[in-house]
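One-letter residues, chain by chain:
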Amino acid sequence: MTRWRSALATLSAAFVGATTLLFAPPAQAAPSDADLAYRWAPLHYQDTSSKYYSADYLAPVNYDGDWNTLNNWENLDANTSRLTGTAYYSVVETGTHWYITYAFFHPRDWKDYPLNLFSHENDMEGQLEVVRKDGSEYGALQAVVTLAHDNFYSYTPPGSPFTNGRESIDGTVIMQAYDGAAHPTSFQEARGHGAYAWNGADFPGGDGIVFKPSRGAGSVPTGGNDRDARYGLTDLTASDSLWGRRNSSETYAGWGAFRGDNGKANAAHTPWTWDDMNDGSDLQAGVIATDPAYLVSRYFGNTGDLSLTYLRNPYRV
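Residues numbered from 1 in each chain as written. Predicted model: local features only at pLDDT ≥ 70, side-chain atom pairs only at ≥ 80, totals over all residues. Heavy atoms only, no water.

A. Expanded view of the pattern of salt bridges. A full pass over the atoms with the stated rule returns 12 salt bridges. A salt bridge links Arg245 to Glu250; the nearest nitrogen and oxygen atoms lie 3.0 Å apart. Taken together, the shared-partner salt bridges in this structure form one network comprising Asp33, Glu93, Lys133 and Arg312. (Salt bridge = Lys/Arg side-chain N within 4 Å of Asp/Glu carboxyl O.)

See below:
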């Protein structure tokens, strides 16, 4: 009898286990990089100068129909209708986090019009977002690091556990509801296009463009005070995009430096060469995109079990 009871118990357990497997919800598929990039894409506040609105529009690098970056300054006026809002992105993944880089391109960095020695052809600045894999589909935003010229600025959203590390936290990320979710906000200056977290204030001078992320193509702003423009998302690591063309002498004068001959030569850089000039010799140019886990582990404190081991890193090929 004892043997029968044991056998029945084994069968019953097996049946319950099989039933559990049969009716258990399917495992949640990991989101695609495109979906992650859209979910955390910032509402982007682009300040503009009334002296030359179109020079402050976001654009694709090849907005003028070619990848020759030596003619981007000259082709701007003739191609205003092709300045379609664009943000480039890349995704790097560890066991604990997703790291999403967003890069915003302008054909000109201009300090005065038409040109002075502090201007340069092409401009790309932006930010890194640190997203914790917390078991939800898209995780939780924990930090943002932006590039403004040759300095990185650190921010945390409300509720982040991160504290000051090697670098001090510079402010709070303001979140705004968009398409059913809370998105971070970002800000870029007019003319020089330094990137920061948005501070919640209106644009200096009262005119500026609010770019909102789109799952499709972006839009050309209606003018320098368009509060409802769109930007599309382009994977910068794709074979036909910026990283895929990383060895192209048509686009780059050197590693990650766009060719440019107006004002300061070859002065604009891609994310894999973005640099803070005084954050330590161990943080070499480009780590904000290519080794973001290490950068975050140094910039912030109280990062918990943050992993430094990459599951996927398109820059390590």
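B. Region of interest: the side chain of Thr48. Within the secondary structure layout, Thr48 lies in the loop between β1 (43–47) and β2 (86–94). Of the polar contacts made by the side chain of Thr48, one reaches the backbone oxygen of Asp207; its length is 3.4 Å. In terms of polar contacts, Thr48 uses its side chain to reach the backbone carbonyl oxygen of Gly224, at 2.8 Å. Excluding residues that lie within four positions of it along the chain, Thr48 makes contacts with Tyr53, Asp56, Ala190, Asp207, Gly208, Ile209 and Gly224. (Helix = DSSP H or I, 4+ residues; strand = E, 2+ residues; numbered from the N terminus. Polar contact = N/O pair within 3.5 Å; in protein donor to acceptor, adjacent residues only side chain to side chain. Contact = heavy atoms within 4.5 Å.)

C. Here's a closer look at the pairing of strand β3 (residues 97–109). By the criterion of burial, β3 is predominantly enclosed, with 13 of the 13 residues buried. Pairing between β2 and β3: 6 bridges, direction antiparallel. Bridge assignment links Val92 to a residue of β3, and that residue is Tyr99. What sits between β2 and β3 in their antiparallel hairpin is a turn of 2 residues. Where β3 meets strand β4 (residues 120–132), 12 bridges bridge the pair, whose relative direction is antiparallel. (Buried < 20%, exposed > 50% of the residue type's maximum accessible area, 1.4 Å probe, protein only. Pairing = 2+ DSSP bridges.)

D. Region of the structure containing the side chain of Asn71. Counting through the fold element by element, Asn71 comes out in the loop between β1 and β2. Sequence-distant contacts of Asn71, that is, excluding residues within four places in its chain, are made with Asp64, Asp66 and Glu121.

E. A look at the nonpolar core. In terms of nonpolar packing, the biggest core is built from 42 residues, with Leu36, Trp40, Tyr45, Ile100 and Tyr102 touching the most fellow members. Elements that contribute at least two residues to this core include exactly α2 (33–39), β1, β2, β3, β5 (140–148), β11 (195–197), β12 (208–213) and β13 (229–235). By residue number, the principal contributor to this core is β3, which donates 4 residues. Counting residues in hydrophobic clusters, the runner-up holds 36 residues, among them Tyr88, Leu147, Phe152 and Tyr310. (Core = buried A, V, L, I, M, F, W, Y, C linked by side-chain atoms within 4.5 Å.)

F. Highlighting the pairing of strand β9 (residues 175–178). Alignment of β9 against strand β10 (residues 181–188), held across 4 bridges, turns out to be antiparallel. Bridge pairing in β10 places Met175 opposite Pro184. Taken together, β9 and the strand that follows it, β10, pair antiparallel across an intervening segment of 2 residues, in which Asp179 is found at a positive phi of about 50 degrees.

G. Structural detail: the environment of Ala267. Following the sequence through the fold, Ala267 ends up in the loop between β15 (257–258) and α3 (287–290). Each C-alpha atom of the pair Ala267 and Ser119 lies 9.1 Å from the other, and the pair is 148 residues apart in sequence. If sequence neighbours within four positions are ignored, Ala267 has contacts with His120 and Phe258.

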